[in-house]
Amino acid sequence: MSNVYFIPLADAGDAEISSAAAKLFEHIVAAENIPLSECIPLKVHCGEAGNRTFIRPECFNGVIDILEKRNTRSCFIETSVLYGGKRGNKAAHTRLAADHGFTRIPFTVADGEHGEMSYDVPIDGKHFKQCHLGKGFEEYNQLLVMSHFKGHALAGFGGSIKQLSMGFASKGGKMAMHLGVKPRIRKWFCKKCGLCLKRCQAGAITLEPKPVIDSSKCIGCGACYSACRNHAVSILSLKGLLNAAFKGKFFREKLVEYALAAHTGRKNIYFVFALNITRGCDCEPVPMFKATKDIGIFVSTDPVAADSAAFDACARQGKRFRGYEQLAYAEKIGLGSKNYQLISLE
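Residues numbered from 1 in each chain as written. Predicted model: local features only at pLDDT ≥ 70, side-chain atom pairs only at ≥ 80, totals over all residues. Heavy atoms only, no water.

Caption draft 1: Here's a closer look at the overall build of the protein chain. Looking only at helices and strands, the protein chain has eleven helices and 16 strands in total. Expected size for 346 residues packed as a compact globule is a radius of gyration near 20 Å; at 20 Å, the protein chain falls within 12% of this value. If one aligns the C-alpha atoms of the protein chain with their principal axes, the spans along those axes are about 70 × 40 × 35 Å. The buried share of the protein chain, taken over its 346 residues, is 58%. The protein chain carries 46 positive and 32 negative side-chain charges, and their two centres are separated by 9 Å. (Helix = DSSP H or I, 4+ residues; strand = E, 2+ residues; numbered from the N terminus. Rg over C-alpha atoms; globule rule 2.2 N^0.38 Å. Buried < 20%, exposed > 50% of the residue type's maximum accessible area, 1.4 Å probe, protein only. Lys, Arg positive; Asp, Glu negative; His and termini not counted. Charge placed at Lys NZ, Arg CZ, Asp CG, Glu CD.)

Caption draft 2: Seen up close, the pattern of salt bridges. Scanning the model with the defined rule gives 14 salt bridges in all. Glu208 is paired through a salt bridge with Lys192; the nearest N and O atoms lie 3.3 Å apart. Placement of Glu208 in the loop between strand S11 (205–206) and strand S12 (212–213) and of Lys192 in the loop between strand S10 (184–185) and helix H6 (195–199) is noted, with a sequence separation of 16 residues between them. Judged by its relative accessible area of 56%, Glu208 falls in the exposed class. Among the charged side chains, a network of salt bridges with common partners joins Asp11, Lys290 and Asp294. (Salt bridge = Lys/Arg side-chain N within 4 Å of Asp/Glu carboxyl O.)

Caption draft 3: Summary view of the side chain of Ser165. Tracing the sequence through the fold places Ser165 in helix H4 (residues 160–165). A polar contact of 2.9 Å, which involves the side chain of Ser165, links it to the backbone oxygen of Ile161. Once you skip the residues sitting within four places of it in the chain, Ser165 turns out to touch Met177, Leu255, Tyr258 and Ala259. (Polar contact = N/O pair within 3.5 Å; in protein donor to acceptor, adjacent residues only side chain to side chain. Contact = heavy atoms within 4.5 Å.)

Caption draft 4: Molecular detail of helix H2 (residues 61–69). Those residues of H2 not exposed but buried are Gly62, Val63, Ile64, Ile66 and Leu67. Lining the buried residues of H2 we find helix H1 (14–31), strand S2 (42–43), strand S3 (76–78), strand S7 (144–148) and strand S14 (269–274). Following H2 by one or two positions, Asn71 has its phi on the positive side, about 60°.

Caption draft 5: Region of interest: the sheet that holds S7. Taken together, eight strands build an open sheet; the order of strands is S4-S3-S2-S7-S14-S15-S1-S16 and the sheet is mixed. A strand with exactly one partner marks an edge of an open sheet, and here the two such strands are strand S4 (107–109) and strand S16 (340–344). Taken together, the four bridges between strand S1 (residues 2–8) and strand S15 (residues 296–300) define a ladder with antiparallel strand orientation. Counted as the bridge partner of Phe6 is Phe298 from S15. The strands touched by H2 are S2, S3, S7 and S14; relative to S7, the strand with the most contacts, the crossing angle is about 175°. (Pairing = 2+ DSSP bridges. Axes fitted to C-alpha atoms, helices over the stretch in contact; angles between N-to-C directions.)

Caption draft 6: Representation of helix H10 (residues 303–316) within the structure. Taking 1.5 Å per residue as the helical rise, H10 with its 14 residues ought to reach 20 Å, and the 20 Å between its terminal C-alpha atoms agrees with that figure. Of all 14 residues in H10, eleven are buried; the element is thus mostly enclosed. For H10, every residue scored as buried is listed here: Pro303, Val304, Ala305, Ala306, Asp307, Ser308, Ala309, Ala310, Phe311, Ala313 and Cys314. A side-chain oxygen of the first residue of H10 lies 2.8 Å from the backbone nitrogen of Val304; this N-cap is Asp302. Just downstream of H10 lies Gly318, where phi reads positive at about 95°. (Expected span 1.5 Å × (residues − 1).)

Caption draft 7: Representation of the pairing of S15. Counting buried residues along S15, five of its five residues qualify, which places the element largely inside the surrounding structure. Looking at chain direction, S14 and S15 are connected through five bridges and run antiparallel. In the strand pairing of S15, Ala274 is matched with Gly296.

Caption draft 8: Quick look at unusual backbone geometry. That bond from Glu208 to Pro209 is cis: its omega, 0°, falls within 30 degrees of zero. Secondary-structure assignment places Pro209 in the loop between S11 and S12. We note that Asn33 has phi near 50°; this positive angle belongs to a residue other than glycine. Not every positive phi belongs to a glycine, and Asn71 is a case in point at roughly 60°.

Caption draft 9: Spatial organisation of the environment of Arg184. Tracing the backbone through its elements, the reader meets Arg184 in strand S10. On a C-alpha basis, the gap between Arg184 and Glu38 in space is 43 Å, while along the polypeptide they are 146 residues apart.

Caption draft 10: Structural context of the side chain of Asp111. Looking at the element boundaries, Asp111 is found in the loop between S4 and strand S5 (118–122). The side chain of Asp111 is buried and forms no salt bridge, while Lys174, the nearest opposite charge, is found at 4.8 Å.

Caption draft 11: Expanded view of the environment of Gly50. Examined against the element boundaries, Gly50 turns out to sit in the loop between S2 and H2. Separated by 234 residues in the primary sequence, Gly50 and Glu284 place their C-alpha atoms 7.8 Å from one another. The contact partners of Gly50, leaving out residues within four places of it in the chain, are Pro285, Val286 and Pro287.

Caption draft 12: A look at the nonpolar core. Grouped together as the largest cluster of nonpolar side chains are 54 residues, with contacts concentrated most on Leu133, Phe149, Phe168, Tyr258, Ile295, Phe298 and Leu335. If we skip the residues at most four places from it in the chain, Phe298 touches Val4, Tyr5, Phe6, Tyr270, Phe271, Val272, Ala274, Ala306, Ala309, Ala310, Ala313 and Leu342. Among the nonpolar cores identified, the runner-up in size contains 41 residues, and Ile17, Ile55, Cys59 and Phe76 belong to it. (Core = buried A, V, L, I, M, F, W, Y, C linked by side-chain atoms within 4.5 Å.)

Caption draft 13: Region of interest: the packing of H1 against H2. The N-to-C vectors of H1 and H2 enclose an angle of 45°; their axes lie 6 Å apart at closest approach. If you check the angle between H1 and H2, you find them oblique. Residues Ser18, Ala21, Ala22, Phe25 and Glu26 of H1 form the contact with H2, whose participating residues are Asn61, Gly62, Val63, Ile66 and Leu67. The residue makeup of the contact of H1 with H2, split by class, is six nonpolar, three polar and one charged. (Parallel < 35°, antiparallel > 145°, perpendicular 65-115°, else oblique. Nonpolar A, V, L, I, M, F, W, Y, C, P; charged D, E, K, R; others polar.)

Printed below as a string of structure tokens:
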């Protein structure tokens, strides 16, 4: 059984949220005698352009204050996304983060300019034997994983597990979880500009006599897909669409296996902000409304326990999200425990 520390909040402003997060941070470090590293990034989600319910950067100020008092270096850290939008490459992603106020500490995109920078973590999973994580995470043995608890169309809900999986995965890792396919070039769109060729680390692309990606060499990093300005590189296929349409349980299991890869060997602390709880993800570029009333902030060293506490609290309010199998599978493969002791710091 894992400890989960909790402060209830309802319709709180940024300053109150910041204060509560700082109180929880200080308490868990003292109560569980957690050593802090010299540099501890904050894994965040800066919200897609048009989204208004992501956790605002001002809510992290209290935690950053504590790190600064300890002379602990920090930064905000994210990875690029697989889909289009303003988080698809480092330059646009960094500009959006600044527009959304993530400027107090440096902002880092962990998987390079176009999502091509990754390192592999071996696991013994049902779906994966190795997971492709953003290269920028490799140097850190501890992060503060700041997750917004909310719904998600495919995962059912998003919290610490999704922040560890999709949030730490390089573009190739996201591709593996979503579709399980490798890209191909649609030659009728290809202008042979050579951008994909420059981005490919594996030497899998040739343009003459016709543009093609050698699937035996391709590592599935997704850099070519991100770089192509002519939409000639496609990740869509019949196999991929069937995977997307029928994956359900398997997709959630894949999330959990990637979360295990990102968690193993690290002394992370997991914050789950059960505030502005919406039906959709912060990746959706539209304003959304609350699906249930605010609950508060949960903190634990166990990502499964933290998510379970938030999931159960939503259910008690009458909002039961799909995706419970995330938690069951996570416990089964040793990511954490669904059983927790809730310790309120009211």
